[in-house]
Amino acid sequence: MSLTIAQPRTAPAIRTAAPATTDLGSVTPIRGRRPAVLPTQPARPVADRSAVPTSPVVAPPRNRALPEGTEARGFALYVGLDEAAAAAVGTTLAAVVEQLKALTAQLVPSAETYAAVAVAAEGSGGRDVDVVRLALQDRSAVAARKQTEKPEPEETGVVIDISRKRVVLDGEAAPLTFKEFELLQFLVLREGRTVDRSAIIEGLWSDGEDETPNERTIDVHVRRLRSKLGAFEEIVRTVRGVGYRFDRHADVSVRYASTPSPDLF
């Protein structure tokens, strides 16, 4: 009887292929149950998101207020708020400004800001925001203001404007010096009264800033003043041996300030 010896079974050798290489580098095998990419198959290209069709980006409409060839470089926010209204809610103008600047820096860190406060005379009235727009020379506000203002009628004769410190002769400003206007104003405020030279010196040169003139110098000042009044020089009359007097007539009008002149007596 022959004896057959069985050879032990050995596991068959597993042949592995060396990983293929491409121009993109080594191919990394995919782990898991997914089939490996065969060397002969090209790697699936990565999708380019830029190639995916999207909704077209629409540029914001151009501001029609901008003239052609210009661009917007910033904006101005007019805030109508006085100190009393700010204090009523427990804040101040400075605090509001700082908060607005901080908000702008939060929204656009690179933005630069500049704040300006508009001031007006006390009791001037009107809306705060309109005062701000006019003070900062907003174009539309200035244009609207000009439309509402009535043009002044053409001035004829002599207009002595105490409030503006000027004299207008037939619509043209007279080239008076400051001291010449002071001299005329001194006489106008004493209309109809003869003022002697010593009173003029005491009234106009008592501050000591300028050298005190003599009475002959007063005559020179009056003569220069009358020469600049031209055809209306007779409103300053000479009273022989006494002094000078302002006489008003139909062609002369005097405009006073809204508050009494400190020279009034």
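Predicted, not measured: the structure shown is a model, and the values here were computed from it. (Residues numbered from 1 in each chain as written. Predicted model: local features only at pLDDT ≥ 70, side-chain atom pairs only at ≥ 80, totals over all residues. Heavy atoms only, no water.)

S.K.: Describe in detail the sheet that holds strand β6 (residues 195-196), supporting the description with residues and values.
M.R.: Strands sit in the order β6-β8-β7 across an open sheet of three strands; the sheet is antiparallel. Here the strands that pair on one side only, and so sit at the sheet edges, are β6 and β7 (236-239). Of the strand pairs in this sheet, β7 and strand β8 (residues 243-246) are connected by four bridges, and their pairing is antiparallel. By the bridge assignment, Val-236 is partnered in β8 with Phe-246. Sitting on the sheet, helix α5 (residues 178-188) is in contact with β6, β7 and β8, with an inclination near 75° to β8. (Pairing = 2+ DSSP bridges. Helix = DSSP H or I, 4+ residues; strand = E, 2+ residues; numbered from the N terminus. Contact = heavy atoms within 4.5 Å. Axes fitted to C-alpha atoms, helices over the stretch in contact; angles between N-to-C directions.)

S.K.: How would you sum up the packing of aromatic side chains? Please name residues and give values.
M.R.: Going through the model one piece at a time under the given rule, you end up with zero aromatic pairs. In this structure, Lys-179 packs its charged tip against the face of Trp-205, placed 4.7 Å from the ring centre. Positioned above the aromatic ring of Phe-186, the side-chain terminus of Arg-190 is 3.7 Å from the ring centre. (Phe/Tyr/Trp six-rings, centres within 6.5 Å; stacked < 30°, edge-to-face > 60°. Lys NZ or Arg CZ within 6 Å of the ring centre and 35° of its normal.)

S.K.: Can you break down the sheet that holds strand β4 (residues 166-169) residue by residue, with the values?
M.R.: Strand order in the open sheet formed by four strands is β5-β4-β3-β9, and the pairing between neighbours is mixed. Lying at the two open borders of the sheet, with one neighbouring strand each, are β5 (172-173) and β9 (252-255). As paired strands, β4 and β5 are joined by two bridges and run antiparallel to one another. Following the sheet pairing, Val-168 is matched in β5 by Ala-173.

S.K.: Tell me about the confidence of the model for the protein, and please be specific about residues and values.
M.R.: One rule of thumb: low pLDDT means the predicted coordinates there are not for detailed reading. Mean pLDDT over the protein: 75, with 68% of residues reaching 70 or higher. Low confidence marks residues 258-262, where pLDDT is under 50. Its contacts with residues over four positions away, or in another chain, come to one contact. (pLDDT = per-residue confidence, 0-100.)

S.K.: Any details on helix α7 (residues 215-228)? Residues and values, ideally.
M.R.: Along its 14 residues, α7 runs 21 Å from first to last C-alpha, staying within 8% of the 20 Å computed at 1.5 Å per residue. Those residues of α7 lying buried are Ile-218, Asp-219, His-221, Val-222, Leu-225 and Arg-226. Here the buried residues of α7 occupy an arc of 160° about the axis, which is enough to place them on one side. Of the exposed residues in α7, those oriented more than 90 degrees away from the buried face are Arg-216, Arg-223 and Ser-227. Buried residues in α7 make contact with α5, α6 (197-204), β7 and β8. N-capping of α7 is provided by Asn-214, with a side-chain oxygen placed 3.1 Å from the backbone N of Arg-216. After α7 finishes, the residue Gly-230 shows a positive phi value of roughly 60°. (Expected span 1.5 Å × (residues − 1). Buried < 20%, exposed > 50% of the residue type's maximum accessible area, 1.4 Å probe, protein only. Arc of directions from axis to C-beta. Polar contact = N/O pair within 3.5 Å; in protein donor to acceptor, adjacent residues only side chain to side chain.)

S.K.: With reference to specific residues and values, describe the packing of α6 against α7.
M.R.: Across the interface, α6 lies against α7 with an axial gap of 9 Å and an inter-helix angle of 80°. When the axes of α6 and α7 are compared, the pair comes out roughly perpendicular. Each of Arg-197, Ser-198, Ile-200 and Ile-201 in α6 lies in contact with α7, whose residues at this interface are Glu-215, Ile-218 and Asp-219. Considered class by class, the residues forming the contact of α6 with α7 number three nonpolar, one polar and three charged. (Parallel < 35°, antiparallel > 145°, perpendicular 65-115°, else oblique. Nonpolar A, V, L, I, M, F, W, Y, C, P; charged D, E, K, R; others polar.)

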